[in-house]
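Here is what each chain is made of, one letter per residue.
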Amino acid sequence: MTLHVPGPGFRPRAAVAMSKDAASAVLDPESLAAFRALCDLAPFPVLDDLSTPRARSLLADADLLITGWGCPPLDADVLRAAPRLRAVVHTAGSVRGHVTDACWERGIEVSSAAAANAVPVAEYTLGMILLTGKRVLERARDYRASRTRGNWLRTPRSVGNYHRTVGILSASLIGRRVIELLRPHDVEVLLHDPYVTDAEAAGLGVERVELPELFARCDTVSVHTPLLPTTRGLVSRALIDAMPDGAVLINTSRGAVVDQEALTDAVLAGRVRAVLDVTDPEVLPPEHPLWDAEHALITPHLAGSEGNEWRRLADLALAETARWASGAGFLHPVRRERLAFLA
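Keep in mind that what you see is a predicted model, and the values were worked out from it rather than measured.

Criteria and cut-off values
Residues numbered from 1 in each chain as written. Predicted model: local features only at pLDDT ≥ 70, side-chain atom pairs only at ≥ 80, totals over all residues. Heavy atoms only, no water. Helix = DSSP H or I, 4+ residues; strand = E, 2+ residues; numbered from the N terminus. Buried < 20%, exposed > 50% of the residue type's maximum accessible area, 1.4 Å probe, protein only. Contact = heavy atoms within 4.5 Å. Lys, Arg positive; Asp, Glu negative; His and termini not counted. Charge placed at Lys NZ, Arg CZ, Asp CG, Glu CD. Disulfide = S-S within 2.5 Å. Pairing = 2+ DSSP bridges. Axes fitted to C-alpha atoms, helices over the stretch in contact; angles between N-to-C directions. Core = buried A, V, L, I, M, F, W, Y, C linked by side-chain atoms within 4.5 Å. UniProt positions renumbered as here; feature names shortened; annotations may be inferred. Right-handed = clockwise from strand over helix to strand, strands pointing away. Arc of directions from axis to C-beta. Salt bridge = Lys/Arg side-chain N within 4 Å of Asp/Glu carboxyl O. Polar contact = N/O pair within 3.5 Å; in protein donor to acceptor, adjacent residues only side chain to side chain.

A word on the overall build of the protein chain
Stage number 1. Helix and strand counts for the protein chain come out as 13 helices and 12 strands.
Stage number 2. By its C-alpha atoms, the protein chain is 75 × 45 × 35 Å across when sized along the principal axes.
Stage number 3. Across the 343 residues in the protein chain, those meeting the buried criterion constitute 48%.
Stage number 4. Sequence-distant contacts in the protein chain: of pairs separated by 6 or more residues, those separated by 24 or more amount to 66%.
Stage number 5. Placing the 37 positive and 42 negative side-chain charges of the protein chain at their respective mean positions leaves the two points 4 Å apart.

Put into structure tokens, the structure is as follows:
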């Protein structure tokens, strides 16, 4: 078997491995045409089961897999059926669900669209920081109920975003993007990330603090840490209880990072406000008190790429495919040694 080396003139043989729904969402006709211009792309339907005879036939010739949500694990058995496979381009964020140890041991190069998916999550977070600082949702509700504006000159000084203190939990891709988006605003930004030094924090334009100080000092805390064994329940009852009255907790990472029972107690007591794009479990039971809590906003895990934002994922995957095929290597590689720090 001859393996051609990526470089000028190299045209990889590629297959799409993800769920049919994911392919329909992320790979619109223009994106597919662009991939076909770069690769010898296996005909659809996509591979959502890598054990079928058709899948094994396509895997046998594939240099590259274009993966997405719903891709089955690329385990040792799958890799035995794919002797030519040298690269995986993922059209979503985390690769934990399908890139296995066998891939790293084979030396397969992996790219992810996590940087593209970070953009809408950070935009959602910025929007919620500013809206909750102005108490837009509560005031709109009261306005709708009363049909009168009231005396706006009596607005409490706790309302507004001028010199508000915002805490970022984890300098992840998304956390760093939020920090960047906050720069034009008149807010003080604190950061807790045990892997970031004071000098690195200063380079980001933020103050690095320890975890208890982050929660005690901030008007808003936004959670961007990945869910790992060491971060499950990281946002504990003690930290939530230390938040100032009226403070806001925003979670767009994973629900299990937060002690949800403790947060529920604080929200129901009217002491803390919450914006939750993720919960634990992902859809709360219908009877859960947070659904009807006055000081909680729950959204259906919509902060990540949706609608026209899926095209950004495809565009990044296309650019990565073109770079890899040309021999330039990935601009957004996933490294095995960094997996412990990634969402």
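So, the state of the cysteines
Stage number 1. Counted by the stated rule, this structure contains zero disulfides.
Stage number 2. Note on Cys39: no disulfide assigned, nearest cysteine sulfur contributed by Cys71 at a separation of 16 Å.
Stage number 3. The closest cysteine sulfur to the non-disulfide-bonded Cys103 is located on Cys71, 8.9 Å from its own sulfur.

A few points about the sheet that holds strand β3 (residues 64-67)
The pairing of strands in a sheet comes from backbone hydrogen bonds and takes either a parallel or an antiparallel form.
Stage number 1. If you trace the five strands from one edge of the open sheet to the other, you get β2-β1-β3-β4-β5, paired in parallel fashion. The outermost strands of the open sheet, each flanked by one partner alone, are β2 (40-41) and β5 (109-112).
Stage number 2. The pairing of β3 with strand β4 (residues 87-90) spans four bridges and is parallel. Bridge pairing links Leu64 to Ala87 in β4.
Stage number 3. Packing against the sheet, helix α13 (residues 310-326) makes contact with β3, β4 and β5, and its axis sits at approximately 160° to β4.

Overview of the nonpolar core
Stage number 1. Grouped together as the largest cluster of nonpolar side chains are 28 residues, with contacts concentrated most on Leu214, Phe215, Val235, Leu249 and Leu263.
Stage number 2. Counting residues per element, the ones that place at least two in this core are α10 (211-217), β9 (220-223), α11 (237-241), β10 (247-251), α12 (260-268) and β11 (272-276).
Stage number 3. Not counting residues up to four positions away in its chain, the partners in contact with Leu249 are Phe215, Val221, Val223, Val235, Met243, Val258, Leu263, Arg273, Ala274 and Val275.
Stage number 4. Formed by 27 residues, the second largest nonpolar core is a distinct cluster that contains Val89, Ala113, Ala116 and Leu316.

Observations regarding the UniProt feature "domain: D-isomer specific 2-hydroxyacid dehydrogenase catalytic" (unreviewed entry) in the protein chain
Stage number 1. Residues given the UniProt feature "domain: D-isomer specific 2-hydroxyacid dehydrogenase catalytic" (unreviewed entry) here are residues 44-325.
Stage number 2. A distance of 22 Å separates the end C-alpha atoms of residues 44-325, which is 37% helix and 15% strand.

Quick word on the environment of Asp265
Stage number 1. Residue position: Asp265 is located in helix α12.
Stage number 2. In sequence terms Asp265 and Ile240 are 25 residues apart; their C-alpha atoms lie 9.7 Å from each other.

Observations concerning the pairing of strand β7 (residues 187-192)
Stage number 1. The buried fraction of β7 is high, at five of six residues.
Stage number 2. Pairing analysis gives six bridges linking strand β6 (residues 164-169) to β7, with the strands arranged parallel. Residue pairing for β7: Arg164 is matched across the bridge by Val187.
Stage number 3. Crossover β6 to β7 through helix α8 (residues 173-182) is right-handed.
Stage number 4. Pairing between β7 and strand β8 (residues 207-208): two bridges, direction parallel. Note on β8: the bridge partner recorded for Leu190 is Glu207.
Stage number 5. With respect to chirality, the unit in which β7 leads through helix α9 (residues 198-204) into the neighbouring parallel β8 is right-handed.

Side note on helix α2 (residues 29-38)
Stage number 1. For α2, every residue scored as buried is listed here: Ser31, Leu32 and Phe35. Buried residues of α2, viewed axially, fall in a sector of 100°; they line one side. Exposed residues lying more than 90 degrees from the buried face of α2 are Pro29 and Ala37.
Stage number 2. Check the buried side of α2 and you find it contacts α1 (20-26), β2, β3 and α13.

Section: the pattern of salt bridges
Stage number 1. The tally for this structure, following the rule as stated, stands at 24 salt bridges.
Stage number 2. The salt bridge partner of Arg135 is Glu138, with a shortest N-O separation of 4.0 Å.
Stage number 3. For Glu138, a relative accessible area of 14% puts it in the buried group.
Stage number 4. For the salt bridge of Arg217 with Glu188, the shortest nitrogen-to-oxygen distance reads 3.1 Å.

As for the side chain of Asn161
Stage number 1. Position of Asn161 among the secondary structure elements: in the loop between α7 (136-146) and β6.
Stage number 2. From its side chain, Asn161 meets the backbone oxygen of Leu130 in a polar contact 3.0 Å long.
Stage number 3. Sequence-distant contacts of Asn161, defined by excluding residues within four places in its chain, comprise Ile129, Leu130, Gly133, Lys134, Asp186 and Val187.

Focus on the side chain of Arg84
Stage number 1. Mapped onto the elements, Arg84 comes out in the loop between α4 (76-80) and β4.
Stage number 2. For Arg84, a relative accessible area of 11% corresponds to the buried category.
Stage number 3. Within the structure, Arg84 has its side chain in polar contact with the side chain of Asp63 (distance 3.3 Å).

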